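# Coordinates in review
Residue-level listing of the chains:
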Amino acid sequence: MRKPLVAAAFALAVTGAGVAPAVAAPERSAPTTTPTLKAVDFAGTVALSNCSGSVVRFPASTDSDPALVLTNGHCLETGFPAPGEVVVDQPSSRSFTLLNSSGRGVGTLRASKVAYSTMTDTDVTIYQLTRTYAQIKSTYGINALTVQDTHPVAGTAIKVVSGYWKRIYSCNIDGFVYRLKEGDWTWKDSVRYTSACNTIGGTSGSPVIDNATGKVVAVNNTGNEDGQRCTENNPCEVDQNGNVTVRQGINYAQETYQIPACFGIGNKLDLGRSGCVLPKP
């Protein structure tokens, strides 16, 4: 996992002191025979006290639904969920700094609860907020990011957008990992980046955005820092036959396409819905 950072580092991230914020490179005009690329920026991302995140909606969400924030399971304020642990409907008043397209904090959003959190099979926390998408749009002029509900594709050009550091990483999806093991945790069908996405601590929970669609296809969560094998901050890849591969300096994310099926009308979590494969308590 990308270690959650302390409050002092967060102060640097919010003020920009000691950090040179990166911005998305201008997109070149696409040929008329291909779709125009979506401009990927910071709008809709958030900074947590120790991680990154984003305000997200699902294809079936409506403007009147309570908004949601997506980040990592290991960013949960009560600590890392244990292997096999699933947290649902836990009260929370956690706050998030909402960023605009240029990475400037424009307001504070607040959670009403942790809708879902786990580090089993995946590494996600989903907070429900006290405001609706329409209220956020009306107050700040910012739309939520949409979570894609189909499996991402190898070779896709992506951006990892960190609200914590106000930095955008650009690379491609290199491939998918059958099992990614780190310490006591194991994640299924993880995204592996090409080496250009050299994410760091504090980027945990950043949305991974498809350049072509502007949709969220994964959530950034870890990388092998020291070349160790299957230890914390040094995940290893395990294939279907149990063979282990260590890729020092390579970073990973957890797919998010399976999440929308687990939320019904009003953005209400329903782990019993048809097609929902997220781990259950």
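Residues numbered from 1 in each chain as written. Predicted model: local features only at pLDDT ≥ 70, side-chain atom pairs only at ≥ 80, totals over all residues. Heavy atoms only, no water.

### What to know about the overall build of the chain
Looking only at helices and strands, the chain has two helices and 16 strands in total. Counting the 281 residues in the chain, one finds 51% classified as buried. For the chain, the proportion of contacts with a sequence separation of at least 24, taken over those separated by at least 6, is 67%. (Helix = DSSP H or I, 4+ residues; strand = E, 2+ residues; numbered from the N terminus. Buried < 20%, exposed > 50% of the residue type's maximum accessible area, 1.4 Å probe, protein only. Contact = heavy atoms within 4.5 Å.)

### Looking at the layout of surface pockets
Looking at the largest pocket, its volume works out to about 160 Å³. What lines the largest pocket is a set of 15 residues, and nearest its centre among them are Phe 58, Ala 60, Ser 61, Phe 263 and Gly 264. (1 Å grid on protein atoms, 1.4 Å probe; cavity = no way out; pocket = protein on both sides within 12 Å on 5 of 7 lines; lining within 4 Å. Points joined across faces, edges and corners; volume = space filled by probe spheres on them.)

### Points about the confidence of the model for the chain
Reading predicted coordinates in detail is not appropriate for stretches of low pLDDT. When pLDDT is averaged along the chain, the result is 90; 87% of the residues meet or exceed 70. The low-confidence segment residues 6-36 (pLDDT under 50) makes 31 contacts with residues lying over four places distant or belonging to another chain. (pLDDT = per-residue confidence, 0-100.)

### Side note on empty space enclosed by the protein
Across all of its chains, the model carries one cavity of 30 Å³ or more by this definition. Each pocket or cavity is described by its volume, and for the largest cavity that value is around 30 Å³. Forming the boundary of the largest cavity are Asp 89, Lys 113, Ala 115, Gln 128, Asn 267, Lys 268 and Leu 269.

### Section: the pairing of strand β13 (residues 216-223)
Where burial is concerned, most of β13 is hidden: eight out of the eight residues are buried. For strand β12 (residues 207-210) and β13, the ladder comprises three bridges, and the chain directions are antiparallel. Within β13, the residue paired with Pro 207 across the bridge is Val 219. Between β12 and β13, which pair antiparallel one after the other, the connecting turn spans five residues, and Gly 214 there sits at a positive phi close to 75°. Note that β13 and strand β16 (residues 251-255) share five bridges and pair antiparallel. (Pairing = 2+ DSSP bridges.)

### Some points on unusual backbone geometry
Positive phi values are uncommon outside glycine, yet Asp 121 reaches one of about 70°. Relative to the assigned elements, Asp 121 resides in the loop between β6 (105-118) and β7 (124-132). If you check the backbone angles, Cys 230 has positive phi at about 65° while not being a glycine. Mapped onto the elements of the fold, Cys 230 is located in the loop between β13 and β14 (236-238).

### Let's talk about the pattern of salt bridges
Going through the model one piece at a time under the given rule, you end up with seven salt bridges. Between Lys 113 and Asp 89 there is a salt bridge whose closest N-O contact spans 3.0 Å. Of this pair, Lys 113 sits in strand β6 while Asp 89 sits in strand β4 (residues 86-91), and the two are 24 residues apart along the sequence. Under the relative-accessibility criterion, Lys 113 is labelled partly exposed at 22%. Residue Asp 89 is classed as partly exposed on the basis of its relative accessible area, which comes to 44%. One salt bridge in this structure joins Glu 237 and Arg 247, with 2.8 Å as the shortest N-O distance. Note that Glu 237 is positioned in strand β14 and Arg 247 in the loop between β15 (244-245) and β16, a separation of ten residues in sequence. Classification of Arg 247 as partly exposed rests on a relative accessible area of 31%. (Salt bridge = Lys/Arg side-chain N within 4 Å of Asp/Glu carboxyl O.)

### Here we look at the environment of Asp 174
In this fold, Asp 174 is placed in strand β10 (residues 167-182). Considering only alpha carbons, one finds Asp 174 and Ser 195, 21 residues apart in sequence, at a separation of 8.7 Å. In this structure, Asp 174 is in contact with Arg 192, Tyr 193 and Thr 194, ignoring residues within four places of it in sequence.

### Quick look at the nonpolar core
Val 55, Phe 96 and Phe 263 are the most contacted members of the largest nonpolar core, which has 47 residues in total. Elements that contribute at least two residues to this core include exactly β2 (52-57), β3 (66-71), β4, β5 (95-99), β6, β7, α2 (133-140) and β13. Sorting elements by how many residues they give to this core places β6 first, with five residues. Contact partners of Phe 263, with chain neighbours within four places excluded, come to Phe 58, Leu 68, Ala 115, Ile 126, Lys 268, Leu 269, Asp 270 and Arg 273. Counting residues in hydrophobic clusters, the runner-up holds twelve residues, among them Ile 158, Val 191, Val 208 and Val 217. (Core = buried A, V, L, I, M, F, W, Y, C linked by side-chain atoms within 4.5 Å.)

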